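Given next are the chains, with one letter for each unit.
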Amino acid sequence: MLTLIVREIRDNHVYFVLSCILSAVIVAAMIIMMVYGVNEEAMIAVYLCGGLQFTVLGVLGTAQMFGDRANRISTLLSTQAVTRNHILIARILAGVVTLLIALVPGLVGCVLLLRLRFPPLDFYSRMIGDVSIVLALAGLACHGAGLLIGWTNSRARVIAGLPCLLLVVASLVVIKGFGLSAVVVLALAIGVFWGRTWHTFTSASM
Amino acid sequence: MNARNRYFINILSTGILVTFLMLTGLFWARWHLHLIRAAALQETTVKVQIRPTGLYPFETADDPNLVSPSSATAEFSALIGLFPKLGAPHYILSHLSSGPDSNVYLWEAKEEGVRFYFNASRGLMVYGRMSDVRDPNGTTHRRYVTQWAGPEGIAETPDENLGRFESPISDGFYENNPQTVYDEGQRRFFVIRWRDGLVRKGPDIPQGEEFDPIQLGLPSKDFLSLRLTQADAVYKQPGEDGLVPGRAIHALYPQSPRMDSWPTLVLNASGRIDLLNPDTLTLIPHVGCIPAPRTLFQSVAERAGPRDVTAYSVHPLAVYQRDADKKWAYIGCIAAAASRDLTSVQLTAFDPDGNPVAGQAMRPSPDDIYLSLPGASLVTVVQFLLENLHPTACLALSSLTASDVPPESAYQSLVLLPNSFAAMAARDAELSRVNRLAYSLLFMAPAIGLGVFLAWRVSRDAVRMGLSKQEKTLWTLGAFALGLPAYITYRLTRPTVALVTCGNCGQGRRADFEKCQRCGAPWSVPELMPPAWRVLGEPESAEDASPSPAQEMNQSA
């Protein structure tokens, strides 16, 4: 499994590097806010890079599946001792790794910033927890949406479908907020994306 | 995994995905219709005013010195109110300092800033600020002082002897006022005088639903969309040309909101407003209520609960009795509330006994907003049609839970539609239960019709595709209850097989079934007997004159 995950990362290293760069920009913006106070330019950078991180996750999922479909990677891998389930799980885990790269540095920066600028109360720790969980689930949902859309030969379907699904995921966060209902809805969305991807991926002929 | 489970997972994931896509699209369509309606409303007046308030005992209409009577104004902005109600902004706004879900009443980020919050882990109120401190040698110097207050007292360090507030409700932060706290766990009021270092404890509040405080001080909800302001009367000053608010020849004059004994109102979960007696810390019940704004279907209601309206704001009024008791006296309160669908505001003034003395509703009325304003009819029709594209089950559920769902849910819910016409009709308290149901069903009629049509289409197609009786029933019921999402799911997940013409009934039949799904006829398999005839070519007959095997058999027989 580890070999498969490493292979996924190597094949799609552009997106991993991009995610690292965006994380670095977010952390830099947070350091600026810690030193010079919260300012508008830094906040815009954080929002912009945060939004791009989710887009990168969606594009990564699409690239994983679209590249497979175009180059028949899973057909080749199926001649080895791996099943399509293994391949799909490896892709999802590669997405989780990217999500961690995207989320953890920003989260640490956010915790430090709140410790400096806001009351040291359980209340704010809970708030960070709520927001982090929802953002993590939203990231997984974006990656899942990419996996679902990517399993096609049609470039037009990818170009039209991915933004549409990413907008739906973003809408779910905006509509539901960061509470329990958002967690439930996003978990359901992830399950749906993975379930449908699994069905189409494992049903497809070699 | 067997094929049946795979099929089930496919249907489930496709169905939920289609439902998500459709409900999200419909949500934003509905939200933009609200936005269009709010934008149209902003072009007209959205100020509701009572003038005079009728609460000041000295204020008479025939007073020659009266230049401008007292007034209460509710400024309403439906447009601004829409954005913070979405889930993410609502979460952030309600968790910021002084937000409704926040334990932090004031937090100035600078190092020497005022910090005023409830520390839940210790169960103590905390107040930190720069203060002049006198040393034992008599000199004073400024330093940052943090005080901790519990039910039993105040100290500069957190101490177990201070006791614990279990789930306190505070009236917020007013720099010169004592802080009033109601502790739900102990069911009593406390007044914390930070500067004096004193905590006063009130008597127990009797158990029961009658007293269920949820807010103290200046009760309000969604201050962004509804702002309540009050203006004092202006009189001519005797012997002067200048105008002085509220003074002149009268022995009474209105109180400044920053004075020490500003009356503390207590809002109960039922919508009733009580007044806290500052001397005894007991409640004087029913000095007002949250007024019920008129809605499209509900014209008259006595009062509303905090969960029945999108926004409300209540202000107490007091006057100083200069000649008589030399103290401040409560003279009533003004209360305003905005309806769930942000189309109506009601402003009411209550006397000290809780009787309404003046009231004013917003113009234009909900009827105008839905039907008469430019473009309103079109928006209403589109809204009605969009609502009826939702699954019938969603509309039915919205009607059944119409009164129980908080108004904010309308802007955060994909499934429930608390502001749909069907739900609004179901909330009409003037009608009997049967009539409400009938009205609600009437507004759901297009959705029910669509459900029936889709169920018929699915049922017909299920027969054509040869689904089992159980599958057909489930899909038909699903299409009726869940409407378009179920129908689209059916179309996407139904068996993809080519149909061939049945030799018995002439209809299309599944090639992978042994019997025709319509008439039950089996395949007509022709009996494979070798024919007795042969087609012989000329060269063959010339070369081979020997008899054929069939002829040989006939000859031998």
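Note that the coordinates shown come from a computational prediction; the quantities given were computed from them, not determined experimentally.

Participant: What exactly am I supposed to notice about the overall build of chain B here?
Facilitator: For chain B, the count of helices and strands is eleven helices and 27 strands. In chain B, buried positions account for 38% of the 557 residues. Within chain B, contacts between residues separated by at least 24 positions form 55% of all contacts whose residues are at least 6 apart in sequence.

Participant: Is there a simple way to explain the overall build of chain A in this structure?
Facilitator: When you go through chain A residue by residue, the secondary structure sums to eight helices and zero strands. What you see in chain A, going N to C, is helices and strands ordered as α-α-α-α-α-α-α-α. Principal axes of the C-alpha set define a box for chain A whose edges measure 55 × 30 × 30 Å. Taken across its 206 residues, chain A has 40% of its residues classed as buried. Taking the intrachain contacts of chain A between residues at least 6 apart in sequence as the baseline, contacts between residues at least 24 apart amount to 81%.

Participant: Would you explain the interface of chain B and chain A in this entry?
Facilitator: Accessible area lost upon the coming together of the parts serves often as the stated size of an interface. Taken together, the contact pairs 31 residues of chain B with 23 residues of chain A. Elements represented by at least two residues in the side of chain B that touches chain A include exactly α1 (3–42), α3 (87–95), β4 (104–107) and β5 (115–119) of chain B. The biggest single contributor to the side of chain B that touches chain A is α1 of chain B, with 13 residues.

Participant: Help me understand the domain arrangement of chain B, please; the structure alone is not making it clear to me.
Facilitator: All names here are of chain B. By the assigned domains, chain B splits into domain 1 (3–21 + 375–493) and domain 2 (45–372). For domain 1 and domain 2, the distance between their C-alpha centroids amounts to 43 Å. Of all the elements in the fold, those that place two or more residues in the side of domain 1 that touches domain 2 are α5 (376–387) and α7 (421–426). Sort the elements by how many residues they give to the side of domain 1 that touches domain 2 and α5 lands first, with three residues. Classifying every residue of the side of domain 1 that touches domain 2 gives nine nonpolar, four polar and four charged.

Participant: It is not clear to me how the nonpolar core should be interpreted in this structure. Could you clarify?
Facilitator: One recurring pattern in soluble globular proteins: nonpolar side chains tend to sit buried together. One finds A138, A141, A145, L186 and A189 of chain A together with A336 and A479 of chain B to be the most contacted residues of the largest nonpolar core, which totals 169 residues. In terms of residue count, the dominant contributor to this core is helix α6 (residues 122–150) of chain A (13 residues). Residues lining this core come from more than one domain, with at least three contributed by each of domain 1 (3–21 + 375–493) and domain 2 (45–372) of chain B. When neighbours within four sequence positions are excluded, A138 of chain A is seen to be in contact with F54, V169, V173 and L186 of chain A.

Participant: Explain unusual backbone geometry to me, please; I cannot follow it from the model alone.
Facilitator: In most cases, non-glycine residues show a negative phi, while peptide bonds are predominantly trans. All names here are of chain B. Note that the residue after R51, namely P52, is joined by a cis bond; omega there is 0°. Its location among the elements puts P52 in the loop between β1 (47–50) and β2 (66–68). Cis peptide bonds are those with omega within 30 degrees of zero, and the linkage from R363 to P364 qualifies with 5°. With respect to the helices and strands, the residue P364 is situated in the loop between β25 (356–361) and α4 (366–372). Here L281, not a glycine, exhibits a phi torsion of approximately 55°, which is positive. Mapped onto the fold, L281 is located in the loop between β20 (272–276) and β21 (283–289). One non-glycine residue, L342, lies in positive phi territory at about 60°. Summarising the element assignment, L342 is placed in the loop between β23 (327–338) and β24 (345–350). Judged by local crowding, L342 falls into the buried class, with 29 C-beta atoms found within 10 Å.

Participant: Explain the confidence of the model for chain B here, please?
Facilitator: If pLDDT is low for a region, its predicted coordinates should not be looked at in detail. Residues and elements named next belong to chain B. Chain-level statistics for chain B give a pLDDT mean of 82 and a share of 88% at 70 or above. The weakest mean pLDDT in chain B belongs to strand β18 (residues 252–254) at 46; the strongest belongs to α5 at 93. Within the model, the stretch residues 245–258 combines pLDDT values under 50 with 37 contacts to residues more than four positions away or in other chains. Interface predicted TM-score (ipTM) for the complex: 0.88; the corresponding pTM is 0.83.

Participant: When you look at the sheet that holds strand β10 (residues 179–183) of chain B in this model, what are you seeing that I'm missing?
Facilitator: Strands pair in a sheet through their backbones, by hydrogen bonds, and they do so in one of two ways: parallel or antiparallel. All names here are of chain B. Spatial strand order, β9-β10-β11-β12: four strands in an open sheet with antiparallel pairing. Here the strands that pair on one side only, and so sit at the sheet edges, are β9 (168–170) and β12 (198–204). With direction set aside, neighbouring strand axes in the sheet form an average angle of 25°. With five bridges connecting them, strand β11 (residues 188–193) and β12 associate as antiparallel partners. Paired with I192 across the two strands is V199, which belongs to β12.

Participant: Would you explain the pairing of β5 of chain B in this entry?
Facilitator: A regular strand places its side chains so that they alternate between the two faces of the sheet. All names here are of chain B. Sheet topology places β4 next to β5; three bridges connect them, and they run antiparallel. Residue pairing across strands places L106 opposite F116, the latter belonging to β5. Between β5 and strand β6 (residues 124–134), which pair antiparallel one after the other, the connecting turn spans four residues, and G123 there sits at a positive phi close to 70°.

Participant: Got a minute to help me understand the environment of A88 of chain B in this structure?
Facilitator: All names here are of chain B. Of note, A88 is situated in helix α3. The partly exposed category is assigned to A88, around which 19 C-beta atoms lie within 10 Å. Between the C-alpha atoms of A88 and Q412, which are 324 residues apart in sequence, the distance is 9.1 Å.

Participant: Any chance you could explain the sheet that holds β5 of chain B here in plain terms?
Facilitator: All names here are of chain B. Reading across the sheet, the five strands line up as β4-β5-β6-β7-β8 and stay open at both edges, with antiparallel pairing between neighbours. The two strands at the open ends of the sheet, each matched to only one other strand, are β4 and β8 (153–155). Averaged over all pairs of adjacent strands, the angle between strand axes in this sheet comes to 30°, irrespective of strand direction. In this sheet, β8 lies alongside strand β7 (residues 140–150) in antiparallel orientation, the contact comprising three bridges. From the neighbouring strand, A149 faces β8, where its bridge partner is I154.

Participant: For this particular structure, what's the right way to read helix α6 (residues 392–400) of chain B?
Facilitator: All names here are of chain B. Here α6 has its buried residues at T392, C394, L395, S398 and S399. Down the axis of α6, the smallest arc covering the buried residues is 165°, so these residues share one side. Among the structural elements, α5, α7, α8 (433–465) and α9 (469–493) are those in contact with the buried residues of α6.

Participant: I would appreciate a short explanation of the packing of helix α3 (residues 40–71) of chain A against helix α7 (residues 155–176) of chain A in the present structure.
Facilitator: Packed helices, taken two at a time, are described by the angle their axes make and the gap between the axes. All names here are of chain A. Orientation of α3 relative to α7, taken along the N-to-C sense of each, is 140°, at an axis distance of 11 Å. Between α3 and α7, the interaxial angle falls into the category oblique. As α3 runs across α7, the sense of the crossing is right-handed. Between α3 and α7, the contacting residues are F54, T55, G58, T62 and F66 on the first element and V158, L162 and L166 on the second.

Participant: For this particular structure, what's the right way to read the pairing of β1 of chain B?
Facilitator: Residue and element names in this part refer to chain B. Residues V48 and I50 of β1 are buried on one face, while the alternating residues K47 and Q49, pointing to the opposite face, are not. As defined by bridge partners, β1 adjoins strand β3 (residues 71–76) across four bridges and the pair is classed as antiparallel. Residue pairing across strands places Q49 opposite T73, the latter belonging to β3.

Conventions we followed
- Residues numbered from 1 in each chain as written.
- Chains lettered and ligands numbered in written order.
- Predicted model: local features only at pLDDT ≥ 70, side-chain atom pairs only at ≥ 80, totals over all residues.
- Helix = DSSP H or I, 4+ residues; strand = E, 2+ residues; numbered from the N terminus.
- Buried ≥ 20, exposed ≤ 12 C-beta atoms within 10 Å, placed from the backbone.
- Contact = placed C-beta atoms within 7 Å.
- Domains from an automatic or database assignment.
- Nonpolar A, V, L, I, M, F, W, Y, C, P; charged D, E, K, R; others polar.
- Core = buried A, V, L, I, M, F, W, Y, C linked by C-beta atoms within 7 Å.
- pLDDT = per-residue confidence, 0-100.
- Pairing = 2+ DSSP bridges.
- Axes fitted to C-alpha atoms, helices over the stretch in contact; angles between N-to-C directions.
- Arc of directions from axis to C-beta.
- Parallel < 35°, antiparallel > 145°, perpendicular 65-115°, else oblique.
- Left-handed = near helix turned anticlockwise from the far one by under 90°.

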